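# Structure assessment
Here is how the chains run, residue by residue.
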Amino acid sequence: MQVGRKGSIAHVLTNDKIEDKGACFKEMAKESIKDTLVLGSVTAGTAGAAAIATGCSNKAAGAFNQLKTKAGEILNKISINDKNLKDIVKNSKIYNKISALPTPAKAAIAAGAAAITLVGSLMTVSAQSKAGYIEGKHEVK
């Protein structure tokens, strides 16, 4: 999966100042692949650090369990079609599979998901600025 895909294909295709549209798309794809690797590295690093910290430290494991409890309290306050969201989540197959994992693995999944959410959002903004730069670079003056 590629993240941070740069720019609008339609915008480049309709830009008459770009003669070699293929080269422009190639450069955009190259940047997108780099961003994908960066996001993957950050996610894996964050998840690994969370797993190690939670596995080696009772304090980190306690903090993770407190976070899990707080999330449960928040979900408990939300209802969909008169069903409590916490119960809906608890009865899902994914929840049952994840809850069977050891605490370090659960912490790694939570930290990785948070990293993807935060870093992915920042990378989207960065991707758009890169797209404009790459497109401008390929315009014939």
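Above this text is the structure in question.
Let us look at the structure shown here.

So, how was this worked out
- Residues numbered from 1 in each chain as written.
- Predicted model: local features only at pLDDT ≥ 70, side-chain atom pairs only at ≥ 80, totals over all residues.
- Heavy atoms only, no water.
- Core = buried A, V, L, I, M, F, W, Y, C linked by side-chain atoms within 4.5 Å.
- Buried < 20%, exposed > 50% of the residue type's maximum accessible area, 1.4 Å probe, protein only.
- Helix = DSSP H or I, 4+ residues; strand = E, 2+ residues; numbered from the N terminus.
- Contact = heavy atoms within 4.5 Å.
- 1 Å grid on protein atoms, 1.4 Å probe; cavity = no way out; pocket = protein on both sides within 12 Å on 5 of 7 lines; lining within 4 Å.
- Points joined across faces, edges and corners; volume = space filled by probe spheres on them.
- Axes fitted to C-alpha atoms, helices over the stretch in contact; angles between N-to-C directions.
- Parallel < 35°, antiparallel > 145°, perpendicular 65-115°, else oblique.
- Left-handed = near helix turned anticlockwise from the far one by under 90°.

Here the focus is the nonpolar core. Counting six residues, the largest nonpolar core is built from Val12, Ile18, Cys24, Met28, Ala131 and Ile134. Every element with two or more residues in this core is listed here: α2 (21-56) and α6 (103-138). If near-sequence neighbours (up to four positions away) are discounted, Ile18 is found in contact with Val12, Cys24, Glu135, His138 and Glu139.

By volume, the largest pocket amounts to about 600 Å³. Lining the largest pocket we find 19 residues, and of these Lys68, Ala71, Leu75, Val89 and Tyr95 sit closest to its centre. Mapped by element, the contributors of at least two residues to the lining of the largest pocket are α3 (58-76), α4 (85-90), α5 (93-99) and α6. Here the lining of the largest pocket takes eight residues from α3, the largest share from any one element.

Now for the side chain of Thr43. Mapped onto the elements of the fold, Thr43 is located in helix α2. Leaving out residues up to four positions away in the same chain, Thr43 has contacts with Gly112, Ala115 and Ile116.

Looking at the element boundaries, Asn84 is found in strand β2 (residues 83-84). Setting aside residues no more than four positions away along its own chain, Asn84 makes contact with Leu75, Asn76, Ile78 and Ser79.

So, about the packing of α2 against α6. Between α2 and α6, the shortest axis-to-axis distance is 8 Å and the interhelical angle comes to 160°. The angle between the axes of α2 and α6 places the two elements in the roughly antiparallel class. Crossing of α2 against α6: the hand is right-handed.

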